Amino acid sequence: MGCCSSASSAAQSSKREWKPLEDRSCTDIPWLLLFILFCIGMGFICGFSVATGAAARLVSGYDSYGNICGQKNAKLEAIPNSGMDHTQRKYVFFLDPCNLDLINRKIKSVALCVTACPRQELKTLSDVQKFAEMNGSALCSYNLKPSEYTTSSKASVLCPKLPVPASAPIPFFHRCAPVNISCYAKFAEALITFVSDNSVLHRLISGVMTSKEIILGLCLLSLVLSMILMVIIRYISRVLVWILTILVILGSLGGTGVLWWLYAKQRRSPKETVIPEQLQIAEDNLRALLIYAISATVFTVILFLIMLVMRKRVALTIALFHVAGKVFIHLPLLVFQPFWTFFALVLFWAYWIMTLLFLGTAGSAVQNEQGFVEFRVSGPLQYMWWYHVVGLIWISEFILACQQMTVAGAVVTYYFTRDKRNLPFTPILASVNRLIRYHLGTVAKGSFIITLVKIPRMILMYMHSQLKGKENACARCVLKSCICCLWCLEKCLNYLNQNAYTATAINSTNFCTSAKDAFVILVENALRVAAINTVGDFMLFLGKVLIVCSTGLAGIMLLNYQQDYTVWVLPLIIVCLFAFLVAHCFLSIYEMVVDVLFLCFAIDTKYNDGSPGREFYMDKVLMEFVENSRKAMREAGKGGVADARELKPMIK
């Protein structure tokens, strides 16, 4: 189980020869059983919340006295107004929907079950009384009859706050929500802590709402561009590196030039006839353009310097991209892998959020200080929240690890099949089959290790956000350093896990053995990792930059037509972040393929020398790549003895 083993077993492992795809056996079975038990615990939490009535309280809603709307209720001991028949009252109505508890992030108002939500604004108690008489929906407390709304002295306390905003029921959840959500502005301002000026926040939100069609269109554009780039990678991999380099140069220069041009144009535009509100928006846009232009200039300069340093190594990446392109030609379903992973994550996140909502209404009825009912979980069950949060991280990482193992298994099958005509009909499905039959335990163990690192980092980030402005400079520095170290550790473990999954897909060994073997191979090929793998990742990064720049440039041109009444900052940031996320999801698959090919290639050159019985698995293109890389290294003055010794198995 553990990653530590005796010296004798380590020696045997070092002498063991790799036998790709020959033997299959189940790996890390105890970890699979542990993961299954953990998932059963997650199911128990969901079942408990549903069994305790939380599902009905969540969907139908309940009033401040513990009565579930739309049904008959049992009497709760020592709680007035409980046990009422609300069969006809199916909607939850809040007397003061804008009274928000910013700390607990909930509505702090008396809730009643009503027959119908007020569709129009009610300005006086007379309007509230007429609404009750015409619709049979009493909006005041149960103790007050509709005929007493305008005569009782308690009406100001027992009736809703005036004016009563127009509201509509939320689909499936039977809550009356104000049609105009402006009263929730303070709630949004409390959540968005980086905006200190409330007027700025209002303008940002209005800019997003005004440009929502453009934002959706640009997000769709980024998705289309990512798919197009994946198709291009498959068929023109030999010239793709140069195309990306030229396009990124032109895109960076063009985007920077357009930003400076727009800044100069708006700065020279007359502002005498502009109304004050539009003047403020224009100033915000001008300031944002200046920041964008300076940032784009700095980014372009840094990008040029990096490309200048790495220009002699670009040729080494071309052959590797060509081999990866051939993988995508033989395994076309790899392009759609992000969709299945995203779909699985969305399904799990939807289940997790629904269970979280169930937990929010689970437990026993307890009377609070105001005399109203709250549902609280007591005893050991109150810690189910923490279990549920850990489940979010572990199972999400498990799904992502399944994607890595699936891609690794498919690429390994491609690489170590000498005759490509003998490939399975769908190597992706064959890889999924092997994952489910043999290696779910390995995936569970690898994802758990990432979870162990991610949870402390998230706790420290939460502490840092809560102590913001309260801690001293030393404590702030220590917290940020710990967060940074844990982030770096997480990235290193992610990379090692991915190579461990590849080793497991090759030799069907458990996680610790695979991680150790992969680590040894990577250390022995450190020069290749630095010279080939890093350059490949950089070129894929250029592809992401190209998609973001193209989407951002299109966004600038489209938003330029709304510059008089829309603040650009937030819509453009949303579009660029989404474009980068989409590009990263698609190109990360290509990055995985390159990493898996590199590890397979390193294993192939270590354990095979081309002699009878130990023939290479690699194709001619990859052999030419090795020879070309050796020549390029020698021409650069780096083809020393170590390099010659490393490439010696390739010489026939």
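Residues numbered from 1 in each chain as written. Predicted model: local features only at pLDDT ≥ 70, side-chain atom pairs only at ≥ 80, totals over all residues. Heavy atoms only, no water.

Looking at an unreviewed UniProt entry, one finds the protein chain named Choline transporter-like protein and attributed to Ailuropoda melanoleuca. Regarding the protein chain, the relevant UniProt record gives this comment under Function (unreviewed entry): "Choline transporter." According to UniProt, the comment filed for the protein chain under the heading Sequence similarities (unreviewed entry) is "Belongs to the CTL (choline transporter-like) family." (UniProt positions renumbered as here; feature names shortened; annotations may be inferred.)

Peer 1: For the packing of aromatic side chains, give the residues involved together with the corresponding values.
Peer 2: Overall, the coordinates contain 16 aromatic pairs when judged by the stated rule. Measuring from ring centre to ring centre gives 5.2 Å for Phe 35 and Trp 394, while their planes differ by 75°; the resulting arrangement is edge-to-face. Here Phe 35 is found in helix α2 (residues 29-51), whereas its partner Trp 394 is found in helix α13 (residues 384-415), with 359 residues between them in sequence. Residues Phe 35 and Trp 394 agree in their burial class; the two are buried. Of the aromatic side chains, those joined through ring pairs into one cluster are Trp 31, Phe 35, Phe 38, Tyr 387, Trp 394, Phe 398 and Phe 448. (Phe/Tyr/Trp six-rings, centres within 6.5 Å; stacked < 30°, edge-to-face > 60°. Helix = DSSP H or I, 4+ residues; strand = E, 2+ residues; numbered from the N terminus. Buried < 20%, exposed > 50% of the residue type's maximum accessible area, 1.4 Å probe, protein only.)

Peer 1: So what about the side chain of Gln 498? Which residues, and what values?
Peer 2: If you trace the backbone, Gln 498 turns up in helix α15 (residues 473-507). Those residues in contact with Gln 498, other than ones at most four positions away along the chain, are Gln 404, Met 592 and Asp 595. (Contact = heavy atoms within 4.5 Å.)

Peer 1: Explain the environment of Leu 553 to me, and be specific about the residues and the numbers.
Peer 2: Along the chain, Leu 553 turns up in helix α17 (residues 526-559). By relative accessible area, which is 33% here, Leu 553 ends up partly exposed. Considered as a pair, Leu 553 and Thr 256 are 297 residues apart in the sequence and their alpha carbons are 9.7 Å apart.

Peer 1: So, the state of the cysteines: which residues are in play, and what are the values?
Peer 2: Counted under the stated rule, the structure contains three disulfides. Shown here is the disulfide that connects Cys 69 with Cys 113, its sulfur atoms set 1.9 Å apart. Between Cys 69 and Cys 113, the S-S dihedral sits near -85°, and the bridge is therefore left-handed. Of this pair, Cys 69 sits in the loop between α3 (54-60) and β1 (91-94) while Cys 113 sits in strand β4 (residues 111-114); the two residues are 44 residues apart in sequence, bridging distant segments of the chain. The burial state of Cys 69 is the same as that of Cys 113; both residues are buried. Through a disulfide, Cys 117 is tied to Cys 176; the S-S separation comes to 1.9 Å. Taking the sign of the torsion about the S-S bond as the criterion, the disulfide between Cys 117 and Cys 176, at about -75°, is left-handed. One end of the pair, Cys 117, is in the loop between β4 and α4 (125-135); the other, Cys 176, is in strand β6 (residues 176-178), and 59 residues separate them in sequence. For Cys 117, a relative accessible area of 6% puts it in the buried group. On the basis of relative accessibility, which here comes to 6%, the residue Cys 176 falls in the buried class. Considering cysteine sulfurs only, Cys 549 is the nearest to Cys 576, which forms no disulfide, with 8.2 Å between them. (Disulfide = S-S within 2.5 Å.)

Peer 1: Describe the pattern of salt bridges, listing the residues and the values that go with them.
Peer 2: Two side chains that carry opposite charge are able to pair once their charged atoms sit near each other. As enumerated under the stated definition, the model contains four salt bridges in all. Ionic pairing is found between Arg 457 and Glu 490, a salt bridge with its closest N-O pair at 3.0 Å. One end of the pair, Arg 457, is in helix α14 (residues 427-466); the other, Glu 490, is in helix α15, and 33 residues separate them in sequence. (Salt bridge = Lys/Arg side-chain N within 4 Å of Asp/Glu carboxyl O.)

Peer 1: How would you explain the packing of α13 against α15 if you had to name every residue and give the values?
Peer 2: The contact between α13 and α15 brings their axes to 9 Å, and the two run at 45°. Between α13 and α15, the crossing angle belongs to the class labelled oblique. α13 and α15 meet at a crossing whose hand is right-handed. In this structure, α13 uses Ala 401, Gln 404, Met 405, Ala 408, Gly 409 and Val 412 to contact α15, whose residues at the interface are Gln 498, Tyr 501, Thr 502, Thr 504, Ala 505 and Ile 506. Looking at the contact of α13 with α15 residue by residue, the classes come out as seven nonpolar, five polar and no charged. (Axes fitted to C-alpha atoms, helices over the stretch in contact; angles between N-to-C directions. Parallel < 35°, antiparallel > 145°, perpendicular 65-115°, else oblique. Left-handed = near helix turned anticlockwise from the far one by under 90°. Nonpolar A, V, L, I, M, F, W, Y, C, P; charged D, E, K, R; others polar.)

Peer 1: I'd love a proper account of a nonpolar patch on the surface, names of residues and values included.
Peer 2: Judged by side-chain polarity, Ile 29, Leu 33, Ile 36, Leu 37 and Ile 40 come together as a nonpolar surface patch covering roughly 490 Å² of accessible area. The exposure class assigned to Ile 40 is exposed, which follows from its relative accessible area of 53%. (Patch = residues over 30% accessible without salt bridge, like charges linked within 9 Å, V, L, I, M, F, W, Y side chains within 5 Å. Areas by Shrake-Rupley, 256 points an atom, 1.4 Å probe, with all protein chains shown as cover.)

Peer 1: Could you give an account of α4, naming the residues involved and the relevant values?
Peer 2: Buried within α4 are the following residues: Val 128, Gln 129, Phe 131 and Ala 132. Considered in projection along α4, the buried side chains sweep an arc of 160° and stay on one side of the axis. Exposed and oriented more than 90 degrees from the buried face of α4 are Lys 130, Glu 133 and Met 134. (Arc of directions from axis to C-beta.)

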